[in-house]
Amino acid sequence: MSAFLLLKRMLETRLPRPSVQWFRDACTEITDGVDDVRFAGLVAMASRHARDSTPLAPSADELKRANETLEGWNPERWGLLEALRAALVLTRSDLDDDRGVLAVESLFAFADEGEQRALYRVLPLVPSPERFAARAGEGCRTNIPPVFEAVVLDSPFAVRHFDDGAWNQAVIKAVFLGVPLWRLFGLDTRLGPELARMALDLVDERRSAHRDVQPELWLCLGEHGGARGTEALLKELDASNSNTMGRCAAAYALARAGEGERLVECMENEADSVVRAAMQEALDGNVASTVFRKLRPEEGA
Amino acid sequence: MRFFDPHIHVTSRTTDDLENMAAAGVRAVIEPAFWLGQPRTRVGSFVDYFNSLIGWERFRASQFGISHFCAIGLNSKEANNEGLAKEVLELVPRFALKEGVVAIGEIGFDEITQAEEFAYSEQVSFAKDHDMVVMVHSPHRDKKRGIIRSLDIAKEIGLPMAHLVIDHNTEETVKETLDAGAWAAFTIYPHTKMGSERMVDLIEQYGPERMIVDSSADWGVSDPLSVPKTAKRMVERGLDARTVELTTWQNALDAYAQSGQIDVEALLQKPAIDQTQLFADNSVLRGQAPRVDAPVPN
Ligand SMILES: [Zn+2]
């Protein structure tokens, strides 16, 4: 099933009836051909038919279908209005030629915050998404965390279409902004020495400033941290560190680095049951980036 | 108490102001597009300005639990640069239909010229065609004539008077505005336009219906706490709670919610300040609560 059809089905079961009619009419109008101003007007006025505060709330089955449509596309946290706007964009039949690209770029030029989120979320779903790599890079320069999240999280865009420089910047910026890095699809497939070095420099900076290291920062090391990485992790894991989530993260990261033996040693003297549990889980091999979800208070950690 | 300041240029205010506003109970604001203290020379400056009103400023206010709405329009002063004005008027439809844009504004008269009248009429027509509210800036000089002209033109075009808010009223203009059926807004400005004391006198005289208090705080000497301060004065002078609520919250909400661009249900919920956004290193709050009595914390 195409992304458009899946979104259309989700919208038709969720929007109030008059809004479903508005959506169908808008699709017909777009298919018949509209100028850029009218197209932008339709995308803007979608806010009169779905509130930004209403979640899309896809079912488990819909999430499965989304991932089948495009691996890494996860609309779990989309809003209903974002889905409506994304569907309007995907309605265009000219997205694979220059005309469609110009129309989408014109939307970006005048987009408010909610529209920006919707547009960045739809980018991995359009034909030849790589044509929008520079635009997505621009999105990463935002100072508005929800817009940044729309560019990089729950989407395969970054891992597939960012060059190494943009990728590393996006990962480190995610840590900086405190957005949940574990939701960056494909993170574990694109770790490397340069990213590990950037992360370790950031660790030094935080420690010099006497600030806690963000637990997800340790995700950036993988097996590329070397001796410097191991040393930093052992320091984080030390019982003198009062940041429990940071210690748990270091346990996972030590296992991710292939330092299981060190972890076994640490576990022998570990008194904190929360940290012990994380160590055990890490030794059991549950160390994919998504395990860091457990370290987020808002996820029920 | 909760307050709605339906006219404030937050772009020009610091995070200290936003913090103080939130602490004083300001829960929602409207930022009308205006001039920036000096004229712009390129249409691109307007594109970026309008973009900031629907993007960055909305987000900045939200970090303090304040809902930010805006009005889009070409102001009267810059309407006099006719070449540029034409370009900006073509731009207005690209922004006016956005979520959270609750009015066309602030538009109206400054020197009461032909060019100003053209821009005003064009924008009122757009508002009428799109079922929108209009926020009118009334001139400092020859105010009464400016207001009467604004009311007459809107009537000729056929904009419902319930969709018209006339701002910067004084003792001399309030009767015309109310008699026409429009909403009468008052800017509480230190030293000049209208003080809290005079405002309370006016509310006592005319009653609270269709009367709206705002700060119009901007880049000049002005007070972003004008609305809560005036509410306090009303209470001290024994006005009833309903009067205070109408003039500092409900009337503004009723007037601008006619746009369909205010999620009233979401607004009435307790403001949620997202801690993960609040302490983001690279957004406006950097994990510090600035206080003068303590050294700068990490
Ligand atoms: Zn103003």
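Residues numbered from 1 in each chain as written. Chains lettered and ligands numbered in written order. Predicted model: local features only at pLDDT ≥ 70, side-chain atom pairs only at ≥ 80, totals over all residues. Heavy atoms only, no water.

Where do I start with the coordination of the zinc ion in this structure?
Four donors placed tetrahedrally around a metal ideally meet at 109.5 degrees, and six donors placed octahedrally ideally meet at 90 or 180 degrees. Residues and elements named next belong to chain B. Protein ligation of the zinc ion involves His7 (NE2), His9 (NE2) and Glu106 (OE), the donor distances falling in the range 2.0 to 2.2 Å. Donor residues for the zinc ion, ordered by position in the chain, follow H-x1-H-x96-E. Residue His7 is found in the loop between strand S1 (3-5) and helix H1 (15-23), and its partner Glu106 is found in strand S4 (residues 101-108); the two are separated by 99 residues along the sequence. (Donors = N, O, S within 2.8 Å, 3.2 Å for Na, K, Ca; no water. Helix = DSSP H or I, 4+ residues; strand = E, 2+ residues; numbered from the N terminus.)

I keep staring at the interface of chain B and chain A and nothing clicks. Help me out?
Reports of interface size often rely on the accessible area that becomes lost once the parts have come together. At the junction of the two partners, chain B supplies 26 residues and chain A supplies 33 residues. With both chains or domains summed, chain B and chain A bury close to 2600 Å², and 49% of this area falls on carbon and sulfur atoms. Here chain B is connected to chain A by two salt bridges. Between B:Arg58 and A:Asp112 there is a salt bridge, with the nearest N and O atoms lying 3.8 Å from each other. At the boundary of chain B with chain A, the tally comes to six residue pairs in polar contact (both at pLDDT 80 or more). If you list the elements that add at least two residues to the side of chain B that touches chain A, you get helix H2 (43-54), helix H3 (56-62), helix H4 (82-96) and helix H12 (275-278) of chain B. Within the side of chain B that touches chain A, the residues separate by chemical class into ten nonpolar, ten polar and six charged. (Contact = heavy atoms within 4.5 Å. Buried area = accessible area lost by both parts, 1.4 Å probe. Salt bridge = Lys/Arg side-chain N within 4 Å of Asp/Glu carboxyl O. Polar contact = N/O pair within 3.5 Å; in protein donor to acceptor, adjacent residues only side chain to side chain. Nonpolar A, V, L, I, M, F, W, Y, C, P; charged D, E, K, R; others polar.)

Help me understand the pairing of strand S8 (residues 211-214) of chain B, please; the structure alone is not making it clear to me.
Every other side chain in a regular strand lies on the same face of the sheet, so the side chains alternate between the two faces. Residues and elements named next belong to chain B. Neither face of S8 is left uncovered, since the one carrying Met211 and Val213 and the one carrying Ile212 and Asp214 both have all their residues buried. Two elements, strand S7 (residues 183-187) and S8, share four bridges in a ladder whose sense is parallel. Note on S8: the bridge partner recorded for Phe186 is Val213. (Buried < 20%, exposed > 50% of the residue type's maximum accessible area, 1.4 Å probe, protein only. Pairing = 2+ DSSP bridges.)

What am I meant to see in the pairing of strand S3 (residues 67-72) of chain B here?
Residues and elements named next belong to chain B. Across the six residues that make up S3, a large majority, five, are buried. Both S3 and S4 contribute to a ladder of three bridges, which runs parallel. Its bridge partner lying in S4, Ile72 is registered against Ile104.

Looking at this structure, I do not really get the domain arrangement of chain A. What am I missing?
Residue and element names in this part refer to chain A. As far as domains go, chain A holds domain 1 (1-143) and domain 2 (163-301). Placing a centre on the C-alpha atoms of domain 1 and another on those of domain 2 gives a separation of 34 Å. At the junction of the two partners, domain 1 supplies seven residues and domain 2 supplies seven residues. Summed over both partners, the interface of domain 1 with domain 2 buries about 560 Å², with 44% contributed by carbon and sulfur atoms. On the domain 1 side of the contact with domain 2, Gly72, Arg77 and Cys140 bury the most area, a combined 67% of that side's loss. Linking domain 1 with domain 2 are two salt bridges, by the criterion used here. For Glu76, the salt bridge goes to Arg293, with nearest N and O atoms at 3.6 Å. The tally of links from domain 1 across to domain 2 stands at three residue pairs in polar contact (both at pLDDT 80 or more). (Domains from an automatic or database assignment.)

Help me understand the packing of helix H1 (residues 3-12) of chain A against helix H4 (residues 60-69) of chain A, please; the structure alone is not making it clear to me.
The relative placement of two packed helices comes down to the angle between their axes together with the axis-to-axis distance. Residues and elements named next belong to chain A. H4 packs onto H1 with a crossing angle of 165 degrees between their chain directions and a minimal axis gap of 10 Å. Put simply, H1 runs roughly antiparallel to H4. Remark: the crossing between H1 and H4 carries left-handed chirality. Here Ala3, Leu6, Arg9 and Met10 of H1 come into contact with H4, specifically with Glu62, Arg65, Ala66 and Thr69. Tallied by class, the residues present in the contact of H1 with H4 amount to four nonpolar, one polar and three charged. (Axes fitted to C-alpha atoms, helices over the stretch in contact; angles between N-to-C directions. Parallel < 35°, antiparallel > 145°, perpendicular 65-115°, else oblique. Left-handed = near helix turned anticlockwise from the far one by under 90°.)

Looking at this structure, how should I read the pattern of salt bridges?
Here the idea is simple: oppositely charged side chains can pair when their charged atoms come close. The full count for this structure, using the stated rule, is 51 salt bridges over all chains. Linking A:Lys64 and A:Glu68 is a salt bridge whose minimum nitrogen-to-oxygen distance equals 3.4 Å. Of this pair, A:Lys64 and A:Glu68 both sit in helix H4, four residues apart, roughly one helical turn. We note a salt bridge from A:Glu82 to A:Arg121, for which the minimum N-O separation is 2.9 Å. Of the two residues, A:Glu82 sits in helix H5 (residues 80-91) while A:Arg121 sits in helix H7 (residues 113-122), which places them 39 residues apart along the sequence. Relative accessible area serves as the criterion here: at 4%, A:Glu82 is assigned to the buried category. Among the residues examined, A:Arg121 registers a relative accessible area of 11% and is labelled buried. Connected through salt bridges with shared partners, the residues B:Glu197, B:Asp201, B:Glu204, B:Lys232, B:Arg233, B:Glu236 and B:Arg237 form a single ionic network.

What is the right way to look at the nonpolar core in this model?
As a rule of thumb, nonpolar side chains are buried together in soluble globular proteins. Core analysis: the largest hydrophobic core is formed by 154 residues, its most contacted members being A:Phe162 and B:Leu164. The leading source of residues in this core is H5(A), at nine residues. Residues from two domains meet in this core; each of domain 1 (1-143) and domain 2 (163-301) of chain A gives at least three. Apart from residues no more than four positions distant in its own chain, A:Phe162 is found in contact with A:Ala133, A:Ala136, A:Gly137, A:Cys140, A:Val151, A:Val152, A:Phe157, A:Trp167, A:Ala170 and A:Arg190. Ranked by size, the runner-up nonpolar core spans 28 residues in total, among them B:Ala61, B:Phe64, B:Ile66 and B:Ala231. (Core = buried A, V, L, I, M, F, W, Y, C linked by side-chain atoms within 4.5 Å.)

When you look at H5(A) in this model, what are you seeing that I'm missing?
Residue and element names in this part refer to chain A. Taking 1.5 Å per residue, twelve residues should reach 16 Å; H5 reaches 17 Å between its end C-alpha atoms and fits that length. When you tally the buried positions in H5, you get twelve out of twelve residues, the bulk of the element. All of the buried residues along H5 are Leu80, Leu81, Glu82, Ala83, Leu84, Arg85, Ala86, Ala87, Leu88, Val89, Leu90 and Thr91. Against the buried residues of H5 lie H1, helix H2 (17-32), helix H3 (36-45), helix H6 (98-109) and H7. (Expected span 1.5 Å × (residues − 1).)

Explain the sheet that holds strand S5 (residues 133-137) of chain B here, please?
Residues and elements named next belong to chain B. As summarised here, the arrangement of the eight strands in space is S1-S2-S3-S4-S5-S6-S7-S8, forming an open sheet in which the pairing is parallel. The sheet is open, and its two borders are formed by S1 and S8, each paired with just one other strand. Averaged over all pairs of adjacent strands, the angle between strand axes in this sheet comes to 25 degrees, irrespective of strand direction. With three bridges joining them, S1 and strand S2 (residues 26-32) adopt parallel strand pairing. Looking at the pairing, Asp5 lines up with Val29 of S2. The strands touched by helix H5 (residues 114-129) within the sheet are S4, S5 and strand S6 (164-166), with S4 carrying the most contacts at an inclination of about 160 degrees. Taken strand by strand, helix H10 (residues 241-257) contacts S1, S2, S4, S5, S6, S7 and S8, and its axis lies near 110 degrees from that of S8.

It is not clear to me how H6(A) should be interpreted in this structure. Could you clarify?
An α-helical turn contains 3.6 residues, so any two residues separated by three or four positions project in the same direction. For H6(A), with twelve residues, the first-to-last C-alpha span of 16 Å sits near the 16 Å given by 1.5 Å per residue. Along H6(A), the positions that sit buried rather than exposed are A:Gly100, A:Val101, A:Ala103, A:Val104, A:Ser106, A:Leu107 and A:Phe108. Buried residues belonging to H6(A) abut H3, H5, H7 and helix H8 (133-140) of chain A together with H4 of chain B. N-cap assignment for H6(A): the residue whose side-chain oxygen lies 3.0 Å from the backbone N of A:Arg99 is A:Asp97.

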